[in-house]
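Below, each chain spelled out in residue letters.
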Amino acid sequence: MKPINSISEIKKHAETLLFCGEDYLEMKNAVEDLHQIFAFITSIDAYKLDDAHIELKTGKAISPTSAAHCLLEFKRTSVFLRGIYQAINDLKVREKGKIRILYAGCGPYSTLLVPLLSFFSSEEIGITLVDINEVSLNSSRLLIQTLGQDYFIEDYFLADLTAFKLDKAYDLVISETMQSCLENEPQIHIMRNLIPQMQEGAIFIPEEIRVDFYLSDNNKFMEKILYENRDRNIIDKKFLSRFICVNKENACSNSLSATVNIPNDYGTYKNLELFTFITVYGDEVLKERECSLNNPKKFYELNKKVDAKRISFWLTTEGKPFINCKIL
């Protein structure tokens, strides 16, 4: 496979992901084809998952194959690429000179930037790639060099992003290092480290991560849509209250707790669940069950014999993030 052919193929599939609207089949085919190119060049196959994770005090840094597999979640890849593409174009209008981008946790494919490189010039954007996993960082380096696009890259750093010191003023910082409900992976720690170091007016992606409480009924469906060639059920749910909302303005605050009051009459709803919503940039949002990051997490069955009226929740960030709860 010649690099020049790969570049044209990558751009074609990126255009599909950026501009195909809600055509899930088009998205799915595009990421599958991108995976073939990336896996061929790097020898990292997203379908051959392993457990070579790096366990940090601040959360799990997932293995190169697991990070590669994120590409295949086509709605996730599409929405992130659309948000980043729009953010770069907005910065081009607003800023003078080269836009400097930090990709914090690039993984083996640099999935959220490599498909976009053909839309910009190296005079417009300069990229720094950082990852804690040497295999992932070297794989991204090999991929970009093989494609002949290493002129976009200003630096590579092998580093723990929860302690990384910014080497320059970046206009755009990207870090997608999370699981649903902000548990297990170090997204919150990375945001708390990098955001205070960013210059005023710089953009952090994702712009906002929100976790909300809902009453839900997993056996009652509001609608079905075609998703990965099968029906995806959108469950019946009712908003109860906000739990966490993390963005550039409040990432370093300690407001990661909430007390939920269970209504006396909760109707036919059976569960108290947490739903994660991710605003990548502007109107580009990942919602319920659109990828693994948005899978709801059930915490309490309302028909239990213990009749809970108030439940306290908090996200522990001393070490690996996880959610605690206590019936009051």
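Whatever comes next refers back to the structure up there.
What you see as residue numbers is a count from 1 along each chain, following the sequence as written. Reporting of local features is limited, given that this is a predicted model, to residues whose pLDDT is at least 70; pairs of side-chain atoms are given and counted only at 80 or more, and all residues count toward the totals for whole chains, interfaces and linings. Water and hydrogen atoms were dropped before computing side-chain values, which therefore reflect all heavy atoms in the structure.

Colleague: How should the side chain of Gln187 be read in this particular structure?
Modeller: Mapped onto the elements of the fold, Gln187 is located in helix α6 (residues 187-194). What qualifies as a polar contact is a pair of N or O atoms within 3.5 Å, subject to a donor-acceptor requirement within protein and to the restriction that residues adjacent in sequence count only when both atoms come from side chains. Engagement of the side chain of Gln187 in a polar contact is seen with the backbone oxygen of Ser175, the distance being 3.0 Å. Note on definitions: a residue-residue contact is assigned when non-hydrogen atoms from the two residues lie within 4.5 Å. Leaving out residues up to four positions away in the same chain, Gln187 has contacts with Ser175, Glu176, Thr177, Met178, Leu182, Phe204, Pro206 and Ile209. Runs of E in the DSSP output that reach at least two residues are strands. Runs of H or I that reach at least four are helices, and both are numbered from the N terminus.

Colleague: How do you make sense of α6 when you look at a structure like this?
Modeller: Since the α-helix advances by 3.6 residues per turn, residues separated by three or four positions end up pointing in the same direction. We call a residue buried when its accessible area falls under 20% of the maximum for its residue type, exposed when it is over 50%, and partly exposed in between, using a 1.4 Å probe and counting protein chains only. Within α6, 7 of the 8 residues are buried, which leaves the element mostly enclosed by the surrounding structure. Along α6, the residues that are buried comprise Gln187, Ile188, His189, Ile190, Met191, Asn193 and Leu194.

Colleague: Sorry if this is basic, but what is going on with unusual backbone geometry here?
Modeller: Peptide bonds are mostly trans, and most non-glycine residues show a negative phi. Here the amide bond leading from Ile205 into Pro206 is cis, since omega sits at 10°, within 30 degrees of zero. Position of Pro206 among the secondary structure elements: in the loop between β7 (203-205) and β8 (208-227). For Cys181, which is not a glycine, the phi torsion comes out positive at approximately 65°. Counting through the fold element by element, Cys181 comes out in the loop between β6 (172-174) and α6. The exposure class of Cys181 is buried, given its relative accessible area of 0%.

Colleague: Can you help me understand the sheet that holds strand β15 (residues 322-327) in this one?
Modeller: What holds strands together in a sheet is hydrogen bonding between their backbones, with the strands either parallel or antiparallel. In spatial order, the strands read β10-β14-β15; together these 3 strands make up an open sheet with antiparallel pairing. A single partner strand is all that each edge strand has here, and the edge strands are β10 (257-261) and β15. Taking the axes of each pair of neighbouring strands and ignoring which way they run, one obtains an average angle of 20° across the sheet. By the bridge criterion, 6 bridges tie strand β14 (residues 310-316) to β15 in an arrangement that is antiparallel. Bridge pairing in β15 links Ile311 to Ile327. Between any two strands, at least two bridges found by DSSP are needed for them to pair. Comment: axis = line fitted to C-alpha atoms, over the contacting stretch for helices; angle = value between 0 and 180 degrees taken between N-to-C directions.

Colleague: Would you take a moment to explain the packing of aromatic side chains for this structure?
Modeller: Two descriptors summarise a pair of aromatic rings, namely the distance from one centre to the other and the angle between the planes of the rings. In this analysis, rings of Phe, Tyr and Trp, with Trp reduced to its six-membered ring, are considered paired at centre separations within 6.5 Å, and the interplanar angle assigns stacked below 30 degrees, edge-to-face beyond 60, and tilted for intermediate values. Applying the stated rule across the entire model yields 14 aromatic pairs. Ring geometry for Phe38 against Tyr109: centres 5.3 Å apart, planes inclined by 55°, an arrangement best described as tilted. A residue pair is termed long-range when its members are at least 10 positions apart, and Phe38 in helix α2 (residues 24-42) and Tyr109 in the loop between β3 (99-104) and β4 (125-131) qualify at 71 residues. Here Phe38 matches Tyr109 in class, with each residue buried. Residue placement shows Lys11 over the ring face of Phe119; its charged tip is 5.4 Å from the ring centre. We note Lys237 situated over the ring of Phe275; from NZ or CZ to the ring centre the distance is 5.6 Å. In our convention, an over-ring charge means Lys NZ or Arg CZ found within 6 Å of a ring centre and within 35 degrees of that ring's normal.

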